[in-house]
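Survey of secondary and tertiary structure
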Amino acid sequence: PLAAAVVDPHGEIDLTWSKFIANLVLGGVPVYHLSQFEETLTGKVYFTHHADNNFGALLPSLLYLRFKRGLDLLGCIIALPFAIGILAAAALAIRLDSPGPVLFKQPRTGFRGKTFLCYKLRTMTHGHAGPAFTKEDDPRITRVGALLRRLRIDELPQLFNIIRGEMSWIGPRPEAVSLAEEYSAHVPFYDYRHAVRPGISGWAAVHQGNVANVDAAKEKLAYDFFYIKYFSVWLDLLIVIKTARTVLTGFGAR
């Protein structure tokens, strides 16, 4: 017996096939939209220039958006007592390792396209010029900075961004304004990723890690679209689990 079927509704389906599909549904056989099936397999959602029908489907749940804000604040209340001790130890290690400020502050594009000042622990040598993104084996990264990045401790100051409503625990990673502007100019529908608050960790972050060029940004965007389309507490919990794996393995830590 047939367990399930996948149908491309944009393909040529004659009357015989349409009746066959209808009978499958009446017989209790699940029939999936081709794009939905591909999204489930890949964890990505792609936009094309003919994706006008997808915009409604990709509108994030406004109810969960509000509920998640409460969860974010509750998480901060629980995490802050532990985070303060870790931040103090990390700050001391940074100061002993290299000259410069403890905190790194950078304007980034956030929720609904608004610019905000994102906080991180400094993991690079101070005052050395370079690209807005981190390269593989970037020589600017300090010894302590490499460890902080691998364990994601450098992101802890973003708890204050969460408290201020600029970020969430989970969401698309906020890009530097210059990078966001470049991607927006070259990648169709890029700005749609700002429909939810950016996060300390996210669906793209646990699958792909950091990216720099436009082609890689398109793949990252597909992960971001998947997150927005299936925006839910269950997906957030899955990302939390995958983030723990990321911290343990160092995947994507650059």
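It should be noted that the structure appears before, not after, this text.
Counting restarts for each chain, with residues numbered from 1 along the sequence as it is written. The predicted nature of this model means local features are confined to residues of pLDDT at least 70 and side-chain atom pairs, given and counted, to a pLDDT of 80 or more, with totals for whole chains, interfaces and linings taken over all residues. Hydrogens and waters are ignored; side-chain quantities use all the structure's heavy atoms.

When DSSP finds two or more bridges between a pair of strands, those strands are recorded as paired. Secondary structure elements follow DSSP: runs of H or I no shorter than four residues count as helices, runs of E no shorter than two count as strands, and numbering proceeds from the N terminus. Pairing geometry for strand β3 (residues 103-109) and strand β4 (residues 115-121), over seven bridges, is antiparallel. Following the sheet pairing, K105 is matched in β4 by Y119. Between β3 and β4, which follow one another and run antiparallel, lie five residues, and R112 among them has a positive phi close to 60°.

In this section: the pattern of salt bridges. Here, a salt bridge means any side-chain nitrogen of Lys or Arg that lies within 4 Å of a carboxyl oxygen of Asp or Glu. The full count for this structure, using the stated rule, is 10 salt bridges. A salt bridge links R143 to D97; its shortest N-O distance comes to 3.1 Å. Taken together, the positions of R143 in helix α5 (residues 143-150) and D97 in helix α4 (residues 62-97) put the pair 46 residues apart, joining distant regions of the chain. Exposure categories follow from relative accessible area, calculated using a 1.4 Å probe and restricted to protein chains: below 20% of the type maximum is buried, above 50% is exposed, and the middle band is partly exposed. Classification of R143 as exposed rests on a relative accessible area of 70%. A salt bridge links D224 to R193; its shortest N-O distance comes to 2.9 Å. In this pair, D224 sits in helix α9 (residues 214-229) while R193 sits in the loop between α7 (177-186) and β7 (199-201), placing the two residues 31 residues apart along the sequence. For the pair shown, D224 and R193 are each scored as buried.

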